[in-house]
Amino acid sequence: MLVYMSREKRPGYEHNKKAGAMNALVRASAIMSNGPFILNLDCDHYVYNSQAFRDGMCFMMDSGGDRIGYVQFPQRFDGIDPPSVRYANRNTVFFDVNMCALDGTMGPVCVGTGCLFRRIALYGFDPPRSKEYGGCCSCCFPKMHKIKSSVAALEESCGLRMADYDEGETYIFALSKKFGRSYFLVNSIPVAEFQGRPLCDNCVVKNGRPPGALTVPRELLDADTIAEAINVISCDYENKTEWGRCVGWIYGSVTEDLVTGYRMQSRGWKSVYCVTKRGAFRGTTPINLTDHLHQVLRWSSASIEIFFSRDNAMLASRRMKFLQKIAYLNLGIYPFISIFLIVYCFLPALCLCSGQFIVQELSLTFLIYLLAISLTTSMLAVLEIKWSGISLEEWWWNEQFWLIGGTSAHIIAMLQGLLKVTAGIETSFILKSMSGGNDVDDEFKWTSLIFLPIVIIVVNLIAITVGVTRAIYSEIPQWSRLLGGVIFSFWVLAHLYPCAKGLMGRKRRTPAIVFLVRPPRHHDFAAVGGH
Ligand SMILES: O=c1ccn([C@@H]2O[C@H](COP(=O)(O)OP(=O)(O)O[C@H]3O[C@H](CO)[C@@H](O)[C@H](O)[C@H]3O)[C@@H](O)[C@H]2O)c(=O)[nH]1
Ligand SMILES: [Mn+2]
């Protein structure tokens, strides 16, 4: 059955972008098919390996798999040709190193597309047998202790533990307060839970489903069912419900997928990273520098917002493992690191211009520290590359982009975020349109994000010139000091090389410096301005 759905949107009703669209789909599908597992694919992604669905479900239906909330597949992209691979837009280190590593704790974070969800995990229920694991209260349902013991036992056995009901309420009534007025929808919940259980073909399977239970043929869809499916996607359905707050995809974040996954893991759901030999899904991603930076800006702004929200991993429930908390915290904190990165980018230039080295003198202790730090970071890199099997080049492009992003998008996101949190000032000077269009992909589009990296490049170039000139013309040239400064300066420049290269564009080779020297033309700011 293939159903195309277009939800109702009206002025005065917040439609909540992708998360709103997903929630409408989740409800309509509950009524029409009620599959226990839901795959999410972006509109710019497609299926590349049809076996992947089965692989994903294998994890969920395996013994113990009933505690897995989602299975994430890596994102793979088409159309990234050699000139643009250097912007690290394949995100190889993230998808082949970080996500794999997370698989060793509670599982990868959710990155939206290519993610297979367990329906009832998305509904905001706790994983089955969660009492056996860690804490007893989920962040969403603080009044849970009040649940009468008989009801609690029932929920525990059927795996649908949630709700904070008042005395005398029926289970169904409590659910409909959260899920909305559709009894059809509420009644479909236990069915989805049952159908998603592991197959109980041996005695070790807990909470299993007897063999053959799913072979009963489905009832055909009738007019009433269709009418109900339309009812649950009307724009006022979510009024006074928990949709977007505790149920379904969570609203209010640009990276709704990250928050949605985080809430699940915070309740104790595990996740699995499923890397198939032939890529499961493929899609498109911005290929030029400007669009990539805008995407990074969007993600880092979202990270800052998460950091200052109740979804900060430091506030996660006890059900989330310590290392997993650190991983989520890292996802919220990384834009702040840009402050240090920027300082490090200017330090070598400062040293060269002032004739001073970073330290007073090159003492043995300093050298030992430097050696130790360099060795450990290199070892880390070697291990990352060895374990993940990515190429050295890919890794290096990622390093380069880490600095480019840090000195452009991350710092802007941080400033925007701080302005918003401290002064309540909303600055949304960059908006991404869905129809970005590939037509202008191969020419450089000016973005103010690139300003600081250019300044760093220019300052370091000037500093090297100053340093060399000083050494040549001084009476007692201090070559070793010069060498020290120049190496660090070159190291910064080497990282920013793709940025300089990107400024040249592909066809229209306008050197970066022209952009700085000539007065700005109107269209330079078109991408940045109002529309
Ligand atoms: O108003 C909107 C905007 C977006 N979308 C959908 O959201 C997807 C993601 O948007 P896109 O512009 O492609 O963003 P990307 O940065 O490429 O997407 C990544 O980042 C998003 C935000 O974290 C995740 O939702 C995606 O799954 C993930 O692939 C699109 O494909 C659409 O299907 C909507 O339904 N409504
Ligand atoms: Mn996309």
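Residues numbered from 1 in each chain as written. Chains lettered and ligands numbered in written order. Predicted model: local features only at pLDDT ≥ 70, side-chain atom pairs only at ≥ 80, totals over all residues. Heavy atoms only, no water.

## Topic: the UniProt feature "binding site: UDP-alpha-D-glucose" (unreviewed entry) in the protein chain
As a reminder of what qualifies: UniProt positions are given in the numbering used here, feature names are shortened, and annotations may be inferred rather than shown by experiment. For the purposes of this entry, the term helix denotes a DSSP run of H or I that reaches at least four residues, the term strand denotes a run of E that reaches at least two, and both are numbered from the N terminus.
Mapped onto this numbering, the UniProt entry annotates "binding site: UDP-alpha-D-glucose" (unreviewed entry) at Lys17. Its location among the elements puts Lys17 in helix 1 (residues 17-32).

## Here's the deal with the site of ligand 1
Note the threshold: Nearness of a residue to a molecule or strand requires only that one of the residue's heavy atoms be within 4 Å of it. Here a polar contact is taken to be a pair of N or O atoms separated by no more than 3.5 Å, where protein atoms must pair a possible hydrogen donor with a possible acceptor and residues adjacent in sequence count only if both atoms sit in side chains. Exposure was quantified through the Shrake-Rupley algorithm and a 1.4 Å probe, taking into account, for residues, occlusion by the shown protein chains and nothing else. Think of it as three bins: nonpolar holds Ala, Val, Leu, Ile, Met, Phe, Trp, Tyr, Cys and Pro, charged holds Asp, Glu, Lys and Arg, and polar takes everything else, Gly as well.
Taken together, 18 residues surround ligand 1, and among them Lys18, Asp42, Glu256, Asp257 and Arg298 come closest. The contact in question runs from an oxygen atom of ligand 1 to an N or O atom on the side chain of Gln295, over 2.9 Å. Calculation on ligand 1 without its partners gives an accessible area of 670 Å², and the protein chains cover 80% of this total. Elements that contribute at least two residues to the shell around ligand 1 include exactly helix 1, helix 10 (256-267) and helix 11 (289-307). In terms of residue count, the dominant contributor to the shell around ligand 1 is helix 11 (three residues). Of the residues belonging to the shell around ligand 1, the class tally is five nonpolar, five polar and eight charged.

## Quick look at the sheet that holds strand 3 (residues 68-72)
Rules: For two strands to be treated as a pair, DSSP must find at least two bridges joining them. Orientation is described by axes fitted as lines to C-alpha atoms, over the contacting stretch for helices, and by angles from 0 to 180 degrees between their N-to-C directions. Should any heavy atoms of two residues lie within 4.5 Å, those residues are considered in contact.
With mixed pairing, the four strands of this open sheet are ordered in space as 1-5-3-6. Here the strands that pair on one side only, and so sit at the sheet edges, are strand 1 (37-40) and strand 6 (270-273). The average angle at which neighbouring strand axes cross in this sheet is 20°, direction not considered. Packing against the sheet, helix 2 (residues 52-61) makes contact with strand 1, strand 3, strand 5 (115-118) and strand 6, and its axis sits at approximately 155° to strand 3.

## Side note on the pattern of salt bridges
This is how the line gets drawn: For this document, the term salt bridge refers to a Lys or Arg side-chain nitrogen within 4 Å of an Asp or Glu carboxyl oxygen. Partly exposed residues are those whose accessible area sits between 20% and 50% of the maximum for their type, while under 20% is buried and over 50% is exposed, using a 1.4 Å probe and protein chains only.
One pass over the structure, following the stated rule, counts 12 salt bridges. Salt-bridge contacts for Asp236 lead to Arg181; the nearest nitrogen and oxygen are separated by 4.0 Å. Within this pair, whereas Asp236 is found in the loop between helix 9 (223-231) and helix 10, its partner Arg181 is found in the loop between helix 7 (171-179) and helix 8 (183-195), the two being separated by 55 residues in sequence. Since its relative accessible area comes to 46%, Arg181 is described here as partly exposed. For Glu193, the salt bridge identified is with Arg197, shortest N-O distance 3.0 Å.

## Topic: the UniProt feature "binding site: Mn(2+)" (unreviewed entry) in the protein chain
In this numbering, the UniProt entry assigns the feature "binding site: Mn(2+)" (unreviewed entry) to Lys18 and Asp42. With the annotated positions falling across 25 residues, the maximum pairwise C-alpha distance of 9.3 Å places them together in a single cluster. On the secondary structure map, Lys18 appears in helix 1. When sequence neighbours within four positions are dropped, the list of residues in contact with Lys18 reads Asn40, Asp42, Gly112, Thr113, Trp249 and Glu256. Within the secondary structure, Asp42 sits in the loop between strand 1 and strand 2 (45-47). Residue Asp42 is classed as partly exposed on the basis of its relative accessible area, which comes to 24%. Those residues in contact with Asp42, other than ones at most four positions away along the chain, are Lys18 and Thr113.

## Observations regarding the nonpolar core
Heads up, the condition is: For our purposes a nonpolar core is just a set of buried Ala, Val, Leu, Ile, Met, Phe, Trp, Tyr and Cys residues, chained together by side-chain atoms within 4.5 Å. Domain delimitation in this document rests on an assignment produced automatically or drawn from a domain database.
Within the largest apolar cluster, 96 residues are counted, with the highest numbers of intra-cluster contacts made by Phe117, Tyr123, Phe179 and Tyr328. Taken domain by domain, the makeup of this core includes at least three residues from each of domain 1 (17-75 + 111-285) and domain 2 (333-525). By size, the runner-up hydrophobic cluster in this structure holds 11 residues, among which are Met60, Val71, Phe73 and Ala280.

## A short note on empty space enclosed by the protein
Using the following cut-off: The pocket and cavity definitions rest on a 1 Å grid over protein atoms only: a 1.4 Å probe that fits but cannot leave marks a cavity, an open set with protein on both sides within 12 Å along at least five of seven lines marks a pocket, and residues lining either have an atom within 4 Å of a point. Grid points are joined across faces, edges and corners, and a volume is the space filled by probe spheres set on the points.
For the structure shown, the criterion picks out three cavities of 30 Å³ or more. Approximately 110 Å³ is the volume found for the largest cavity. Forming the boundary of the largest cavity are 13 residues, of which Ile306, Asp311, Ala313, Tyr328 and Gly332 lie nearest the centre. The set of elements that each furnish at least two residues to the lining of the largest cavity consists of helix 10, helix 11 and helix 12 (322-333). Element by element, the count of residues in the lining of the largest cavity is highest for helix 12, at four residues.

## Section: a nonpolar patch on the surface
Rules: Note that patches include only residues with greater than 30% relative accessible area and no salt bridge, and the join distances are 9 Å for like charges and 5 Å for nonpolar side chains (Val, Leu, Ile, Met, Phe, Trp, Tyr).
Together, Ile333, Ile337, Ile339, Phe340, Val343, Tyr344 and Trp402 make up an exposed nonpolar region whose accessible area comes to about 640 Å². Here the nonpolar patch takes four residues from helix 13 (residues 338-354), the largest share from any one element. Within the element layout of this structure, Ile337 appears in the loop between helix 12 and helix 13. Given the relative accessible area of 30%, Ile337 is considered partly exposed.

## Here's the deal with the side chain of Asp66
Mapped onto the secondary structure, Asp66 falls in the loop between helix 2 and strand 3. Among the polar contacts made by the side chain of Asp66, one reaches the side chain of Arg129 at a distance of 2.9 Å.

## Describing the layout of surface pockets
A probe as big as a water molecule, rolled over the atoms, marks out the empty space that is left. As a volume, the second largest pocket reaches approximately 670 Å³. Looking at the lining of the second largest pocket, the elements with two or more residues in it are helix 1 and helix 8. Taken together, the residues of the lining of the second largest pocket break down into 11 nonpolar, seven polar and three charged.

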